[in-house]
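Tertiary structure, described
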Amino acid sequence: MAHFAKLDENNIVIKVHRVGNDIATSEQAGIDYLQKIHNTDATFKQTSYNTKEGVHYGQDGQPDGGVALRKNYAGKGYTYDESRDAFIAPKPFDLWTLNETTCAWDAPVIYPTDGNVYYWDESSGSWQVPE
C-alpha cells in the first residue's frame, strides 16, 4: 500500500490517502490517480509509513536499509518542507529545536535513560517524573 499526503496551500498536511501498489506504480501515478478520483489539482506528496527520523524500518520494527522517504511519515497537521524534502511534525514545545538530520524536534535536555517515565515540563525546561 502506498501513502500520499494531501497538502493545503501552505504545505500543511490535511489528509493522508492510501493507494494500492497496483495503481501507485510510481509517485506520479499515485498523484494522478488521486487528483482524478477527487477531481482536484491539489498537491499530493508520497510518504512512507515505514520512515521515521530519516530511517526506513522493516516489518520487524528494525532499520532495514530501505529508502527513507521524506524523513518522516506524514500526519495531519504536519508541514511538508520543500527545501528539506521532508515532513515535519508540529513543534511540540517552544524550547525544542528542529534536528536538521532527522527533521524531528529535539528537547534542549536529553531524555533520561534511567528506566523511569518522564514528561516534558516547559516552564522548568526539564523532564519530570509524574506524581
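Before reading further, recall that the structure is shown in the block above.
Note that this is a predicted model, so its numbers are computed, not measured.

On the basis of which strands lie adjacent, the open sheet formed by three strands has the order β2-β1-β3 and antiparallel pairing. The sheet is open, and its two edges are formed by β2 (13–19) and β3 (43–47), each paired on a single side. For this sheet, the mean inter-axis angle between neighbouring strands, taken without regard to orientation, is 30°. Inspection of the sheet shows strand β1 (residues 2–7) paired to β2 by six bridges, in the antiparallel sense. Its bridge partner being in β2, His3 is matched across the sheet by Arg18. Its contacts with the sheet place helix α1 (residues 27–37) against β1, β2 and β3, and it is angled at close to 135° to β3.

With that settled, consider the side chain of Asn72. Structurally, the position occupied by Asn72 is in the loop between β5 (55–56) and β6 (79–81). Separated by 3.3 Å, the side chain of Asn72 and the backbone oxygen of Thr102 make a polar contact.

Another point: α1. Burial in α1 covers these residues: Gly30, Ile31 and Leu34. In an axial view of α1, the angular spread of the buried residues amounts to 100°, which keeps them on one side of the axis. Looking at the buried residues of α1, the elements they touch are β1, β2 and β3. Just beyond α1, the residue with positive phi is Asn39, at close to 50°.

Thresholds applied
For every chain, the first residue of the written sequence is number 1, and numbering continues from 1 onward in sequence order. Reporting of local features is limited, given that this is a predicted model, to residues whose pLDDT is at least 70; pairs of side-chain atoms are given and counted only at 80 or more, and all residues count toward the totals for whole chains, interfaces and linings. To obtain the side-chain values, all non-hydrogen atoms of the structure were used and water was disregarded. Any two strands with at least two DSSP-identified bridges between them are counted as paired. Only DSSP runs of H or I with at least four residues qualify as helices, and only runs of E with at least two residues qualify as strands; both kinds are numbered from the N terminus onward. Only the contacting stretch of a helix is used when fitting its axis, a line to C-alpha atoms as for every element, and angles between N-to-C directions run 0 to 180 degrees. Contact between two residues is taken to exist if any of their heavy atoms lie within 4.5 Å; hydrogens are not considered. Throughout this description, a polar contact denotes any pair of N or O atoms lying within 3.5 Å of each other; where both atoms belong to protein, one of them has to be capable of donating a hydrogen while the other can accept it, and for residues adjacent in sequence the pair is counted only when both atoms sit in side chains. Here the term buried applies to any residue with accessible area under 20% of the maximum for its type, exposed to any over 50%, and partly exposed to those in between, with areas from a 1.4 Å probe on protein chains only. Directions pointing from the helix axis toward each C-beta atom define the arc.

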